[in-house]
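Structure assessment
Below, each chain spelled out in residue letters.
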Amino acid sequence: MFLIRTLVLIIAINFSAYSQVIDSKNIIGIWQSGNKEINSGWFDNYQFFSNGKFRFNINQNDSTKRIICIGGTYKIKDSIITLQTSYSKEIKGGHLVRSETSGGSGWELEGGKVMVINYKSKVVSYLAIEKCTSNENIPCLLIDKNIFYKLENDPSNYD
């Protein structure tokens, strides 16, 4: 009887550990930092695509930012996601003005030109990644110890 209980326990542990495995197939989508809802704009978020590409979008609610997003490729192995950043999209020029809309910092960047900047050498980052569970049954990940909630299955649904 002890042997049977032990085997059942080992099998249960193996299956529960297996369900926690993260690979590139189960992170495809849009994962937003710290918030389970989209308000007037997206907060920081990752888009993971099935072709191994990623994009990290900077908070849309920050009207003073110059960096809009960074992007490149990703790979997952042993609970580590490797990001190879190869470009950024940035606003060059422009000037700060008082915002005419409410919210945010009260300031916004006006004018300027959006440019894609391709990096001569890739910036490589190694981040811990693990699954977590939310009370509302919304899929979530801990990426570099920060919680990200899955808000979209299709990573192309970000604008």
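Description of the structure in this document. All values derive from a computational prediction rather than experimental measurement. (Residues numbered from 1 in each chain as written. Predicted model: local features only at pLDDT ≥ 70, side-chain atom pairs only at ≥ 80, totals over all residues. Heavy atoms only, no water.)

What follows is about the overall build of the chain. Counting its secondary structure elements, the chain contains one helix and 10 strands. Starting at the N terminus and walking to the C terminus, you meet the elements of the chain as α-β-β-β-β-β-β-β-β-β-β. A burial count over the chain gives 29% of its 159 residues as buried. Here the contacts in the chain between residues at least 6 apart in sequence split such that 48% fall between residues at least 24 apart. In the structure as shown, the chain presents an accessible area of about 10500 Å², 53% of it carried by carbon and sulfur atoms. (Helix = DSSP H or I, 4+ residues; strand = E, 2+ residues; numbered from the N terminus. Buried < 20%, exposed > 50% of the residue type's maximum accessible area, 1.4 Å probe, protein only. Contact = heavy atoms within 4.5 Å. Areas by Shrake-Rupley, 256 points an atom, 1.4 Å probe, with all protein chains shown as cover.)

Time to look at the state of the cysteines. All chains considered together, the criterion is met by one disulfide. Note on cysteine connectivity: cysteine 132 is disulfide-linked to cysteine 140, with sulfurs 2.3 Å apart. Accessibility assignment for this pair places cysteine 132 and cysteine 140 in one class, buried. (Disulfide = S-S within 2.5 Å.)

Attention shifts here to the packing of aromatic side chains. For the coordinates displayed, the defined rule picks out six aromatic pairs. One aromatic cluster in this structure is built from Tyr46, Phe48, Phe54, Phe56, Tyr74 and Phe148. The ring of tryptophan 107 carries the charged tip of arginine 98 above its face, separated from the ring centre by 4.7 Å. (Phe/Tyr/Trp six-rings, centres within 6.5 Å; stacked < 30°, edge-to-face > 60°. Lys NZ or Arg CZ within 6 Å of the ring centre and 35° of its normal.)

Moving on, we come to the pairing of strand β10 (residues 146–152). Consecutive residues of a regular strand have side chains that alternate between opposite faces of the sheet. For strand β1 (residues 29–33) and β10, the ladder comprises four bridges, and the chain directions are antiparallel. Paired with serine 33 across the bridge in β10 is phenylalanine 148. (Pairing = 2+ DSSP bridges.)

Turning next to the side chain of lysine 65. Tracing the backbone shows lysine 65 in the loop between β3 (53–57) and β4 (67–77). Within the local environment of lysine 65, its side chain forms a polar contact with the backbone oxygen of asparagine 59, the two atoms lying 2.9 Å apart. (Polar contact = N/O pair within 3.5 Å; in protein donor to acceptor, adjacent residues only side chain to side chain.)

Attention now moves to a nonpolar patch on the surface. Among the surface-exposed residues, Ile80, Val124 and Tyr126 lie close enough to one another that they form a single nonpolar patch of about 290 Å² accessible area. Along the polypeptide, tyrosine 126 turns up in strand β8 (residues 113–132). For tyrosine 126, a relative accessible area of 60% puts it in the exposed group. (Patch = residues over 30% accessible without salt bridge, like charges linked within 9 Å, V, L, I, M, F, W, Y side chains within 5 Å. Salt bridge = Lys/Arg side-chain N within 4 Å of Asp/Glu carboxyl O.)

What follows concerns the sheet that holds strand β5 (residues 80–92). Strand order in this closed barrel of eight strands is β1-β2-β3-β4-β5-β8-β9-β10, and the pairing throughout is antiparallel. Between one strand and the next, the sheet's axes are offset by a mean angle of 35°, whatever the strand orientation. (Axes fitted to C-alpha atoms, helices over the stretch in contact; angles between N-to-C directions.)

Ranked by size, the top nonpolar core spans 16 residues in total, and within it Ile27, Tyr46, Phe48, Tyr74, Ile81, Leu83 and Ile143 carry the most contacts. Those elements that provide at least two residues to this core are β2 (45–48), β3, β4, β5, β8 and β9 (140–143). With residues near it in sequence (within four places) discarded, leucine 83 still touches Tyr46, Phe48, Phe54, Thr73, Tyr74, Val123, Val124, Ser125 and Leu127. (Core = buried A, V, L, I, M, F, W, Y, C linked by side-chain atoms within 4.5 Å.)

Let us look at the pairing of β8. Here 12 bridges tie β5 to β8, and the two strands are oriented antiparallel to one another. When the bridges of β8 are listed, glutamine 84 appears paired with valine 124. Summarising the sheet, β8 and β9 pair through four bridges and their orientation is antiparallel. Bridge pairing links glutamate 130 to leucine 142 in β9.

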